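Here are the chains, one letter per residue:
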Amino acid sequence: MKYRRLGQGLEVSAIGIDCMPMVRGGNIKHGRDASIDESIATIHGAIDLGVTFFDTAQIWAVPE
């Protein structure tokens, strides 16, 4: 896994995981909601591969 330095030295994986589909009943919909089992398996698989960047921000939300 390649890593990138952010700011004053925080290193994160160059590949990140978008966690929004893992939020059940969230306000952002792209694709289908992942099941709890799919979500947990995805997170554990990503960690096993060296991923350290998990995007959990809801900043992409557009108020209706």
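In this text, all values refer to a predicted model and were calculated from it rather than measured experimentally. (Residues numbered from 1 in each chain as written. Predicted model: local features only at pLDDT ≥ 70, side-chain atom pairs only at ≥ 80, totals over all residues. Heavy atoms only, no water.)

Caption draft 1: Focus on the overall build of the protein. The number of helices and strands found in the protein is one helix and four strands. In the protein, the succession of helices and strands from N to C terminus is β-β-β-α-β. Sorting the 64 residues of the protein into buried and exposed places 20% on the buried side. In the protein, 49% of the contacts between residues at least 6 apart in sequence involve partners at least 24 apart. With an accessible surface of roughly 5000 Å², the protein has 59% of that area assigned to carbon and sulfur atoms. (Helix = DSSP H or I, 4+ residues; strand = E, 2+ residues; numbered from the N terminus. Buried < 20%, exposed > 50% of the residue type's maximum accessible area, 1.4 Å probe, protein only. Contact = heavy atoms within 4.5 Å. Areas by Shrake-Rupley, 256 points an atom, 1.4 Å probe, with all protein chains shown as cover.)

Caption draft 2: Inspection of the side chain of Ser13 at higher detail. Relative to the helices and strands, Ser13 resides in strand β2 (residues 10-13). According to the relative accessible area criterion, Ser13 is buried, its value standing at 3%.

Caption draft 3: Quick peek at the pairing of strand β1 (residues 3-6). Examined bridge by bridge, β1 and β2 share four bridges and lie antiparallel to one another. Bridged to Arg5 within β2 is Glu11. Hairpin connection, β1 to β2: the antiparallel pair is bridged by three residues, and Gly7 has positive phi, about 55°. (Pairing = 2+ DSSP bridges.)

Caption draft 4: Just the pattern of salt bridges, in detail. Inspection of every chain in the model, using the stated rule, returns one salt bridge. Residues Glu11 and Arg5 are paired through a salt bridge, measuring 3.0 Å at the closest nitrogen-oxygen approach. Its relative accessible area of 56% is what places Arg5 among the exposed residues. (Salt bridge = Lys/Arg side-chain N within 4 Å of Asp/Glu carboxyl O.)

Caption draft 5: Here's a closer look at a nonpolar patch on the surface. Nonpolar side chains collect at one region of the surface, where Met1, Tyr3, Ile15 and Leu49 lie side by side and expose about 420 Å² of accessible area between them. Tracing the sequence through the fold places Ile15 in the loop between β2 and β3 (16-18). (Patch = residues over 30% accessible without salt bridge, like charges linked within 9 Å, V, L, I, M, F, W, Y side chains within 5 Å.)

Caption draft 6: Up close: the environment of Ile15. On a C-alpha basis, the gap between Ile15 and Tyr3 in space is 8.1 Å, while along the polypeptide they are 12 residues apart. Residues contacting Ile15, with those up to four places away along its chain left out, are Met1, Val51 and Phe53.

Caption draft 7: Structural context of the environment of Arg32. Tracing the backbone through its elements, the reader meets Arg32 in the loop between β3 and α1 (36-48). Residue class for Arg32 comes out exposed when judged on its relative accessible area of 59%. Counting along the chain gives 11 residues from Arg32 to Pro21, while the straight-line C-alpha distance between them is 6.7 Å. In contact with Arg32, not counting residues within four places along its chain, are Pro21 and Glu38.

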